[in-house]
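Secondary and tertiary structure notes
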Amino acid sequence: MIQTLPLGRRSAHGLDIRPLEITFSHQGGGDQSLYPDVRDIRFDRIRVARAERAHRIVGAEAQHIRSVVVSNSRFDQVAAEAVVQYADDVTVRNILISGS
């Protein structure tokens, strides 16, 4: 099944698009001490024509994101490297990432 999903954030150059982003880095409000248990996420057969980066997975020092798989995917015209911080068991396999 192929689905086209709307992307919420776009810049004039199209490079602010973040197709695969899981983050606990909040921008505003609260004491930022309550984090959900995020785990067992699978991204498979993703095709992105242009993006800021292929994926960004950023947990918190106090609560890591766990068990994420990105597989069988292609990311063209990517401006920056993928980011993984405070995340355990992140698997990236059979993907192609091309620079802009």
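Here the structure is a predicted model, which is why all the values come from computation and not from measurement. (Residues numbered from 1 in each chain as written. Predicted model: local features only at pLDDT ≥ 70, side-chain atom pairs only at ≥ 80, totals over all residues. Heavy atoms only, no water.)

Some points on the pairing of strand 5 (residues 65-78)
Burial within strand 5 is extensive, with ten of its 14 residues counted as buried. Taken together, the five bridges between strand 2 (residues 39-44) and strand 5 define a ladder with parallel strand orientation. The residue bridging Arg42 from the neighbouring strand is Val69, located in strand 5. Relative to strand 5, strand 3 (residues 47-48) is paired through two bridges, and the arrangement is parallel. Counted as the bridge partner of Arg47 is Arg74 from strand 5. Judged from the ten bridges that link them, strand 5 and strand 7 (residues 87-99) form a sheet pairing that is parallel. From the neighbouring strand, Ile65 faces strand 7, where its bridge partner is Ala87. (Buried < 20%, exposed > 50% of the residue type's maximum accessible area, 1.4 Å probe, protein only. Helix = DSSP H or I, 4+ residues; strand = E, 2+ residues; numbered from the N terminus. Pairing = 2+ DSSP bridges.)

Comments concerning the packing of aromatic side chains
Counted under the stated rule, the structure contains one aromatic pair. Taking the centre distance of 5.2 Å and the plane angle of 25° together, the rings of Phe24 and Tyr35 count as stacked. Of the two residues, Phe24 is situated in the loop between strand 1 (21-23) and strand 2 and Tyr35 in the loop between strand 1 and strand 2; the sequence distance between them amounts to eleven residues. For Tyr35, a relative accessible area of 24% corresponds to the partly exposed category. (Phe/Tyr/Trp six-rings, centres within 6.5 Å; stacked < 30°, edge-to-face > 60°.)

Remarks on the pattern of salt bridges
Enumeration according to the criterion identifies nine salt bridges in this entry. The partner of Glu52 in a salt bridge is Arg18, and the shortest N-O contact between them spans 3.0 Å. Of this pair, Glu52 sits in the loop between strand 3 and strand 4 (56-58) while Arg18 sits in the segment before strand 1, and the two are 34 residues apart along the sequence. Take Arg18: its relative accessible area is 29%, and that puts it in the partly exposed class. Where Arg74 meets Asp76, a salt bridge forms, and the shortest distance between an N and an O atom there is 2.8 Å. In this structure Arg74 comes out as partly exposed when scored by relative accessible area, which is 35%. What emerges from the salt-bridge pattern is a single network uniting Arg18, Glu21, Glu52, Arg53 and Arg56. (Salt bridge = Lys/Arg side-chain N within 4 Å of Asp/Glu carboxyl O.)

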